[in-house]
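# Structure at a glance
Listed below, chain by chain, are the residues.
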Amino acid sequence: MASESTANANFVYGSSAKLQPTSLNGKVALVVGGTRGVGAAISLALARAGGEVAVTYSASETRAREHVQALVSARGNRATLFRHDPGDSKQALPLVQEVTREFRHLDILIHTSSFALHGKTIDDPTINNQALDLQWQVNVHGYIAVVRAAVLRMRAGGRIIALSSSLAQRVGIAGAADYAGTKAAVLGYTKGVARDLTSRGITANVVLAGTLKFETPKTRRGPVNGPYSQEDVGDETVTNEDVVRAVMFLASPLAGAITGTALDITGGDLA
């Protein structure tokens, strides 16, 4: 008879010693911002693992509907599209209510929506405070509102995963104080959520990603005294696939005892 450790190894890795795909059959996932970029890659991975997936979008409905068709084609399970403004906290509860009416319950919440403004240092008199306030609204208040709504409908053993940035812990560029602050706030709030929900077996974790290649320009400043401009941020340190693997692990039964933590997926960026 195999020992417990051997049996567990066979279950996880199989006879070929390769990690087996995570099965999410019967699970319902909501991916906020799940139709573009890394959010789209995450929602597709969830669908391929057998999950039923609800995704939100805020622009380009045609493209979003095309992505939903790809989700349905992945395994033939249901996938549904919901319009949602991640910066409007009042939309969070109606969103979760619509999702649970459609799918009857909720097991996984993955929040990927983010507004990134890297630019002028905080002492620059021409800094755009209105844009910085919007960044806090989208990245922090919008996230908190969705979490508050989701936990009211989430089944025991659920998963909450926030996609964040390595800047939450290590600010390696000038002109990113507010952006880094929003990401640190998400990390701290998620730790508190994890503590509150331990009795229900619901885990809450944050994925701190390094530099990704974005489909749309991000605002970044080069030299401290250089011009304020918007440009494509190159030299990515991680890929969408790297982030997807981390998210899928945290969403799986394998991560049932991991909660209130930050998983660094940075490729050594800002180490």
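Parameters at a glance
Residues numbered from 1 in each chain as written. Predicted model: local features only at pLDDT ≥ 70, side-chain atom pairs only at ≥ 80, totals over all residues. Heavy atoms only, no water. Pairing = 2+ DSSP bridges. Helix = DSSP H or I, 4+ residues; strand = E, 2+ residues; numbered from the N terminus. Axes fitted to C-alpha atoms, helices over the stretch in contact; angles between N-to-C directions. Contact = heavy atoms within 4.5 Å.

### A word on the sheet that holds strand 3 (residues 79–83)
- With respect to topology, 7 strands assemble into an open sheet ordered 3-2-1-4-5-6-9, the strand pairing being parallel. If you trace the sheet from one side to the other, it starts and ends with strand 3 and strand 9 (262–265), each paired once. Each adjacent strand pair in this sheet contributes to an overall mean axis angle of 20 degrees, direction not counted.
- The pairing of strand 2 (residues 52–57) with strand 3 spans 5 bridges and is parallel. Within strand 3, the position partnered with Val53 by the bridge is Ala79.
- Across the face of the sheet, helix 3 (residues 61–75) comes into contact with strand 2 and strand 3 while running at roughly 160 degrees to strand 3.

### Considerations on the environment of Gly210
- Within the fold, Gly210 resides in the loop between strand 6 (203–209) and strand 7 (218–220).
- With 27 residues separating them in the primary sequence, Gly210 and Thr237 have C-alpha atoms 5.9 Å apart.

### Digging into the side chain of Thr203
- Locating Thr203 in the fold gives a position in strand 6.
- The contacts of Thr203, once residues within four sequence positions are left out, are Gly158, Arg159, Ile160, Ala255, Gly256, Ile258 and Thr259.

### Looking at the environment of Val243
- Position of Val243 among the secondary structure elements: in helix 7 (residues 240–251).
- A C-alpha to C-alpha distance of 6.6 Å links Val243 and Ile265, two positions 22 residues apart in sequence.

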